Amino acid sequence: MILHHIQTSPNRDNALKLCLRYACKEDAILLSSDGVNALLLRQWAMALSPFKLMVLRDDVIARGLTERLANVCQIDYNEFVAQTLVHDKVITW
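Please read all numbers here as calculations on a predicted model, not as lab measurements.

Peer 1: With reference to specific residues and values, describe the overall build of the chain.
Peer 2: In terms of regular secondary structure, the chain is built from four helices and five strands. Along the chain direction, N to C, the helices and strands of the chain fall in the order β-α-β-α-β-α-β-α-β. Relative to its length of 93 residues, the chain is compact, with a C-alpha radius of gyration of 12 Å against a globular reference of 12 Å. Along the first, second and third principal axes, the C-alpha set of the chain runs to 30 × 30 × 20 Å.

Printed below as a string of structure tokens:
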């Protein structure tokens, strides 16, 4: 199991696109920083739907997206660290 960590918006680079090309169904994806903006676009939300998806709560709050992303698993920094220990590998894209 791999934890894929996306920090940039899909409008800025192709990190999310590459991640989705290599991710397996049992992998998890964590969106942080501007990466949380991917969920505002239907195409990316649909592409991420088969995966265990998490977003960093502080980044969601900082962007005023708490209500729009209420149905997404939001984690704090402690949970982020716990996820890095649960997964065999972490890849930051």
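Structure shown, so let's carry the discussion forward.
Peer 1: Please set out the side chain of Asp 59 residue by residue, giving values where relevant.
Peer 2: Counting through the fold element by element, Asp 59 comes out in helix H3 (residues 57-62). Judged by relative accessible area, Asp 59 falls into the buried class, the value being 12%. Looking at Asp 59, its side chain comes within polar contact range of the main-chain nitrogen of Ser 33, at 2.6 Å. Non-local contacts of Asp 59, meaning those with residues more than four positions away in its chain, are made with Ser 32, Ser 33 and Val 36.

Peer 1: Can you tell me about the nonpolar core, naming the residues and giving the values?
Peer 2: Counting residues in hydrophobic clusters, the biggest one holds 19 residues, and the most contacted among them are Ile 29, Leu 31, Leu 39 and Leu 48. Elements with a contribution of two residues or more to this core: helix H1 (15-22), strand S2 (28-31), helix H2 (42-48) and strand S3 (52-56). Residue contributions to this core peak at three residues, all from H1. Each residue touching Leu 48, except ones within four places of it in the same chain, is listed here: Leu 16, Leu 20, Ile 29, Leu 31, Leu 39 and Leu 53.

Peer 1: Requested: an account of the side chain of Gln 83, with residues and values cited.
Peer 2: As for its placement among the helices and strands, Gln 83 is situated in helix H4 (residues 77-86). In this structure Gln 83 comes out as buried when scored by relative accessible area, which is 15%. In contact with Gln 83, other than residues within four places in its own chain, are Leu 3, Lys 52, Met 54 and Ile 75.

Cut-offs and rules
Residues numbered from 1 in each chain as written. Predicted model: local features only at pLDDT ≥ 70, side-chain atom pairs only at ≥ 80, totals over all residues. Heavy atoms only, no water. Helix = DSSP H or I, 4+ residues; strand = E, 2+ residues; numbered from the N terminus. Rg over C-alpha atoms; globule rule 2.2 N^0.38 Å. Buried < 20%, exposed > 50% of the residue type's maximum accessible area, 1.4 Å probe, protein only. Polar contact = N/O pair within 3.5 Å; in protein donor to acceptor, adjacent residues only side chain to side chain. Contact = heavy atoms within 4.5 Å. Core = buried A, V, L, I, M, F, W, Y, C linked by side-chain atoms within 4.5 Å.

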